[in-house]
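# A structural walkthrough
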Amino acid sequence: GYVSYDYAAKLEPTVQLGELRAAGADVVLLLLKDLDDRALDELMRAARELELDALVEAHDADERAAGADSLIVADLPAGGMPELRRVQLVAPTSTDDRLRLAAEQTDGWLYVVTLTGTTGARDRLSPALAGLAARARALTELPLYAGFGISTPEQAAQAAELADGVVVGSRAVEVAEQGPAALHDYVSSLRAAIGERADTLAQSQ
């Protein structure tokens, strides 16, 4: 599972990241624009100690993070700066040619953006995900991780039927403001819902 760490919560990095790890998260997404060098160093060190992979979201090609396992550069489309190895994003508006190029250049997996527009919690899972996931599956065997607009256990379970994993950001940051225990419970609820849906599908086959 993927969640974003909110450094603004003023908690020790090992505390909040530890709750994420205990709840079943295996990758932490760090929002570079919200971190100074000291905060980034602390989070990287804490992630390594907890054996969490650290993924950095940058908003332009000039942002870097020493020690990150990979990068997301939100404003750099597939084909731009191919020498900058990063996780590529694809969206419902991506053409098949763009999907193919993103798959060729991505760093390990494709970030499947479920909707057009900005990130944030939604009332329901975007119906555009099914078509995008199907097109991506036809073009690549890489893992697909669905994100944007996923906030509830039900949405996470629905997305996991179509993708190999889910990315949860905005809602996790909101829950983190309630403290480590609330964040632990929230991430655990996502993992449990995904596991229950997987078990149900396996039994029906």
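Quick note: structure is the one above.
Basis of the calculations
- Residues numbered from 1 in each chain as written.
- Predicted model: local features only at pLDDT ≥ 70, side-chain atom pairs only at ≥ 80, totals over all residues.
- Heavy atoms only, no water.
- Helix = DSSP H or I, 4+ residues; strand = E, 2+ residues; numbered from the N terminus.
- Areas by Shrake-Rupley, 256 points an atom, 1.4 Å probe, with all protein chains shown as cover.
- Buried < 20%, exposed > 50% of the residue type's maximum accessible area, 1.4 Å probe, protein only.
- Pairing = 2+ DSSP bridges.
- Salt bridge = Lys/Arg side-chain N within 4 Å of Asp/Glu carboxyl O.
- Core = buried A, V, L, I, M, F, W, Y, C linked by side-chain atoms within 4.5 Å.
- Contact = heavy atoms within 4.5 Å.
- Axes fitted to C-alpha atoms, helices over the stretch in contact; angles between N-to-C directions.
- Parallel < 35°, antiparallel > 145°, perpendicular 65-115°, else oblique.
- Left-handed = near helix turned anticlockwise from the far one by under 90°.
- Nonpolar A, V, L, I, M, F, W, Y, C, P; charged D, E, K, R; others polar.

## Let's talk about the overall build of the protein
Counting its secondary structure elements, the protein contains seven helices and eight strands. Accessible area for the protein stands at about 9,900 Å²; split by element, carbon and sulfur atoms hold 48% of it.

## Looking at the pairing of strand β8 (residues 165-168)
A two-sided burial pattern is seen for β8, the buried positions comprising Gly165 and Val167 on one face and Val166 and Val168 on the other. Where strand β7 (residues 144-147) meets β8, three bridges bridge the pair, whose relative direction is parallel. Residue pairing for β8: glycine 147 is matched across the bridge by valine 167.

## Description of the pattern of salt bridges
Counted by the stated rule, this structure contains five salt bridges. Here arginine 135 and aspartate 96 are joined by a salt bridge, their closest N and O atoms 2.7 Å apart. In this pair, arginine 135 is assigned in helix α4 (residues 128-139) and aspartate 96 in helix α3 (residues 96-105), connecting sequence segments 39 residues apart. We classify arginine 135 as partly exposed; its relative accessible area is 25%. Of the residues examined, aspartate 96 reaches a relative accessible area of 37% and is grouped as partly exposed.

## Looking at unusual backbone geometry
With a phi close to 45°, methionine 81 is a non-glycine residue in the positive phi region. For methionine 81, the location among the structural elements is in the loop between β4 (70-73) and β5 (86-90). In this model, phenylalanine 148 sits at a positive phi of 80°, which is unusual for a non-glycine residue. With respect to the secondary-structure elements, phenylalanine 148 resides in the loop between β7 and α5 (153-162).

## Details of the nonpolar core
Among the nonpolar cores identified, the biggest contains 40 residues, and Leu17 and Ile150 are the most heavily contacted of them. Beyond its immediate chain neighbours, meaning those up to four positions away, isoleucine 150 contacts Thr114, Leu125, Gln155, Ala156, Ala159, Val166, Val167 and Val168.

## Structural notes on the packing of α3 against α4
A pair of packed helices can be characterised by two numbers: the angle between their axes and the separation between those axes. Where α3 contacts α4, the two axes come as close as 10 Å, and the packing angle between them is 60°. By the angle between their directions, the pair α3 and α4 is classed as oblique. Note on packing geometry: the crossing formed by α3 with α4 is right-handed. Where α3 abuts α4, its residues Asp96, Leu99 and Arg100 lie against Leu132, Arg135, Ala136 and Leu139. Looking at the contact of α3 with α4, its residues break down into four nonpolar, no polar and three charged.

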